[in-house]
Amino acid sequence: MDSKRISSASQQQVRLRQKRTKREWRPLEDRSCTDLPWFLLFTVFCVGMGSICGFTIATGGAARLIFGYDSYGNTCGRRNERIEGVQLSGLDHTDRKFVFFLDPCNIDIVQRKIKSMALCVSLCPPEELKTHQDLKRFAMTNGSDLCSYELPAHRYPALPERFSRCPKLPVPRSKPLPLFNRCTPVDVSCYARFAEAVVTFVGDSSVLHRLIAGVAASKEIIVGLCVLALALSMVLMVIIRYISAVLVWILTSLVVLGSLAGTSVLWWLYIDHRLYANDTSSKDPKEAKQEAPEGQRDGGQALLVYAAAATIFTIILLLLMLFMRKRVALTIALFHVAGKVFIHLPLLTLQPFITFLALLLFWVYWILVLLFLGTTGNPEQNEETGLTEFRLTGSLQYLTWYHAVGLVWISEFILACQQMTVAGAVVTYYFTRDKNRLPVTPILSSVLRLVRYHLGTVAKGSFIITLVKVPRLVLMYVHNQLKGRENVCARCLLKSCICCLWCLEKCLNYLNQNAYAATAINSTSFCTSARDAFVILVENALRVATINAVGDFVLFLGKVLIMTCTAFAGVLLLNYQRDYAEWLLPLIIVCLFSFLVAHCFLSIFEIVVDVLFLCFAIDTKYNDGTPGKEFFMDKALMEFVESSRRLERAGGRGRSRVKEAASEGAEMKPMKYVDLRPES
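Only a predicted model underlies this, so the values are computations on that prediction, with no experimental measurement involved. (Residues numbered from 1 in each chain as written. Predicted model: local features only at pLDDT ≥ 70, side-chain atom pairs only at ≥ 80, totals over all residues. Heavy atoms only, no water.)

Here we look at the nonpolar core
Then, number 1: The biggest cluster of nonpolar side chains holds 82 residues, and the ones touching the most others in it are Y430, F605, V608, L612 and L637.
Then, number 2: A total of 17 residues in this core trace back to one element, the largest contributor, which is helix 18 (residues 584–622).
Then, number 3: For this core, the domains that each give at least three residues are domain 2 (228–279 + 299–622) and domain 3 (625–653).
Then, number 4: Once residues within four sequence positions are removed from consideration, Y430 is found in contact with K435, L612, C615, F616, D619, F632, M633 and L637.
Then, number 5: Membership of the second largest hydrophobic core comes to 30 residues, among which are F100, A118, L151 and C183. (Core = buried A, V, L, I, M, F, W, Y, C linked by side-chain atoms within 4.5 Å. Buried < 20%, exposed > 50% of the residue type's maximum accessible area, 1.4 Å probe, protein only. Helix = DSSP H or I, 4+ residues; strand = E, 2+ residues; numbered from the N terminus. Domains from an automatic or database assignment. Contact = heavy atoms within 4.5 Å.)

If you want it as structure tokens, here you go:
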């Protein structure tokens, strides 16, 4: 009895395990909240990010950044409290609202800050001041002292401290910087020298000035070309389905022809080398040995190895092309259907704008809070300069690290929200049999499902990427700081770790994207969706490899096409304007921007193709086209499935005929006895 109970219990466990592993996909049904604890954790983390901002505001860091502060710790435009141990602190600067640097051009390139004494003044000098007498006249007339507070204005020309406590002469004409109340020189020649120091490849300062002048003169054309790149990217996403087949077969032909040509050239070089060696060997052996050094003999062996390796590579490539030609056809069909998706869901083209706007707003907030943190903390005097600086001490130093991790996690969260939104809309399109009955706004419906059910899943997926990206960024920072000082082994180890983490991050990004699509279909948690998507991808590994290899290269060609078209238009427009002596830098800016825009738009197209493939793989796995198990797929994918089935049936008939012929030939026939004995 006990053994029967044990066996029945084990059978029940097997059935439960099979139920867990063999999931019934139910698209767009049974919605429920997923990964709720991770949503709560992400909410708490965001509250912590907001608390850092509140802390900087409460402790005066935000006020010091916006209103500015002098080298004695006094905030400009406010009544200040005295700082213990700091002379000239605690002054009333209600009437002194602007920060003035005694030497604004003394810039520390490494630390990226101005190494100059700062004072709070009531007025920035509107004209150039060449002598200390001019400083005295300006202070007596406008009540704005440009030297240190303890120096009386009427004695500026005679004081010995005027060389260290007064501004460097001549004092350039300056204007207050909007919003941040800093006196900024109108002539930014010193900042141009700073740019020249940063851009080390510019040897002649006149070249930099001419390039900047070219950008300023052609700004209207640059804006127009950027708009052209946006328009071309949006058009390409719609028409790429018509040119994808041409691009794919052109790519395939070029790869095959290139490999054949390379192999032929290597064999020709080897044969030519052998003929030359035979000619020299026909001469006197001593002369031939002198004329043919050892390097040439080694060169012949190297050419033979290269030619043999190229031959093997070409044979493998041709076999791959032969066996994967049907999967290339699947890539073309998916591109065709993806173009239809953008026609039925035109709001998908707005996703790059929305994502970029969300990232831009977050990055601006993050940079502001980071600047607030730079002016928050306890006042300390710099031993080298004697100036007062505010620094975080003790456990407060970890606020910067917390803020840095927040940059990565929340940025990845925003990108993951885009992936989930696109996946939800594409899933709705694919699993709706009658495309005329699609929701009015599938994108909005996908956003609402994301906000209502799946924010926790997105938070968990983005956190996994953060766990990989943060160590990689830290290692990159360490490698940059130790450049030139570490030994060869340490440098190799760091680069290897960085490379491995980068590869792991790319793999996790791809798996996360498919996990979001599985969540959009089945409304399952992140881990369950990732496992289910991984099983589907492994079952279709060759198809995945083909789509990623061929599809990514086609999309790369699309990016290059947009960039070259924009660059060609830029050359025509900039060359037409004969006044522009230097249009190289504007053209480079336009090319970079057009490639970035094309990448943003075609990345959406890539997400659509990947989600369509996952839906197609699920559709073909659980449906066969019979009544009750009809396919959800589009007509183009249906044609691909039908052609694949015809090829399989033809191959099956061929294999059955071969088996029948083999079985007939294998039948045993009676053996004839032959007497080989000699006759007597």
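Here we look at the packing of aromatic side chains
Then, number 1: Evaluated as defined, the whole model comprises 15 aromatic pairs.
Then, number 2: With centroids separated by 5.8 Å and ring planes inclined at 50°, the aromatic side chains of Y72 and Y149 adopt a geometry described as tilted. A residue pair is termed long-range when its members are at least 10 positions apart, and Y72 in the loop between helix 3 (61–67) and strand 1 (98–101) and Y149 in the loop between helix 4 (132–142) and helix 5 (162–165) qualify at 77 residues. Here the two residues Y72 and Y149 agree in accessibility, since each one is buried.
Then, number 3: Look at Y516 and F526: their rings are 6.3 Å apart centre to centre, the planes differ by 50°, and that puts the pair in the tilted class. Here F526 lies in helix 16 (residues 526–539) and Y516 lies in helix 15 (residues 488–522), a separation of 10 residues in the sequence.
Then, number 4: Using a relative accessible area of 1% as the deciding quantity, one classes Y516 as buried.
Then, number 5: Residue F526 is classed as buried on the basis of its relative accessible area of 4%.
Then, number 6: Three or more aromatic residues link up through ring pairs in this structure, and these residues are W38, F42, F45, Y402, W409, F413 and F463. (Phe/Tyr/Trp six-rings, centres within 6.5 Å; stacked < 30°, edge-to-face > 60°.)

Quick notes on the packing of helix 2 (residues 36–58) against helix 14 (residues 442–481)
Two numbers describe a pair of packed helices, the interaxial angle and the distance between the axes.
Then, number 1: Contact geometry for helix 2 and helix 14: axes closest at 7 Å, N-to-C directions at 70°. Taken together, the axis directions place helix 2 and helix 14 in an arrangement best described as roughly perpendicular. Handedness of the helix 2/helix 14 crossing: left-handed. Of the residues in helix 14, those in contact with W38, F39 and F42 of helix 2 are L455, G456, A459, K460 and F463. (Axes fitted to C-alpha atoms, helices over the stretch in contact; angles between N-to-C directions. Parallel < 35°, antiparallel > 145°, perpendicular 65-115°, else oblique. Left-handed = near helix turned anticlockwise from the far one by under 90°.)

Details of the UniProt feature "transmembrane region" (unreviewed entry) in the chain
Then, number 1: The UniProt record marks residues 36–58, 221–240, 247–270, 303–323, 353–373, 401–431, 553–577 and 583–616 with the feature "transmembrane region" (unreviewed entry), using the residue numbering of this structure.
Then, number 2: Along residues 353–373, the helical share is 100% and the strand share 0%, with 30 Å between the first and last C-alpha atoms. (UniProt positions renumbered as here; feature names shortened; annotations may be inferred.)

A short note on helix 14
Then, number 1: The end-to-end C-alpha distance of helix 14, which contains 40 residues, comes to just 49 Å, noticeably less than the 58 Å that a straight helix rising 1.5 Å per residue would cover.
Then, number 2: Taken as a whole, helix 14 carries its principal kink of about 85° at H454. (Expected span 1.5 Å × (residues − 1). Bend = angle between axes of the 7 residues up to and from the residue.)

What to know about helix 4
Then, number 1: Listed in full, the buried residues belonging to helix 4 are H132, D134, L135, F138 and A139. Down the axis of helix 4, the smallest arc covering the buried residues is 155°, so these residues share one side. Exposed residues lying more than 90 degrees from the buried face of helix 4 are M140 and T141.
Then, number 2: Lining the buried residues of helix 4 we find helix 5. (Arc of directions from axis to C-beta.)

Topic: the side chain of N80
Then, number 1: Here N80 lies in the loop between helix 3 and strand 1.
Then, number 2: Separated by 2.7 Å, the side chain of N80 and the backbone nitrogen of T75 make a polar contact.
Then, number 3: At 3.0 Å, the side chain of N80 and the backbone oxygen of R78 are in polar contact.
Then, number 4: Residues in contact with N80, not counting those within four places in the same chain, are N74, T75, G90, L91 and H93. (Polar contact = N/O pair within 3.5 Å; in protein donor to acceptor, adjacent residues only side chain to side chain.)

Looking at the confidence of the model for the chain
Then, number 1: Here the chain averages 78 in pLDDT, and 78% of its residues register 70 or above.
Then, number 2: Low pLDDT, under 50, characterises residues 196–205; the stretch is placed with 6 contacts to residues that sit more than four places away or in other chains.
Then, number 3: Of the regions scoring below 50 in pLDDT, residues 665–680 engages in 0 contacts with residues more than four places distant in sequence or in other chains. (pLDDT = per-residue confidence, 0-100.)

Remarks on the packing of helix 2 against helix 13 (residues 398–430)
Then, number 1: Running from N to C, helix 2 and helix 13 cross one another at 130°; their axes reach a closest spacing of 10 Å. Judged by the angle between their axes, helix 2 and helix 13 are oblique. When you trace helix 2 past helix 13, the crossing you get is left-handed. Residue-level contacts link L41, F42, V44, F45, C46, G48, M49, I52 and F55 of helix 2 to L399, Y402, H403, V405, G406, W409, I410 and F413 of helix 13.
Then, number 2: For the contact of helix 2 with helix 13, the class distribution of residues is 14 nonpolar, 3 polar and no charged. (Nonpolar A, V, L, I, M, F, W, Y, C, P; charged D, E, K, R; others polar.)

Observations regarding the pattern of salt bridges
Then, number 1: Applying the stated rule across the entire model yields 9 salt bridges.
Then, number 2: Taking the shortest distance from any N to any O, the salt bridge between K621 and E539 comes out at 3.2 Å. In this pair, K621 is assigned in helix 18 and E539 in helix 16, connecting sequence segments 82 residues apart.
Then, number 3: Under the relative-accessibility criterion, K621 is labelled partly exposed at 39%.
Then, number 4: When its relative accessible area of 48% is taken as the criterion, E539 is described as partly exposed. (Salt bridge = Lys/Arg side-chain N within 4 Å of Asp/Glu carboxyl O.)

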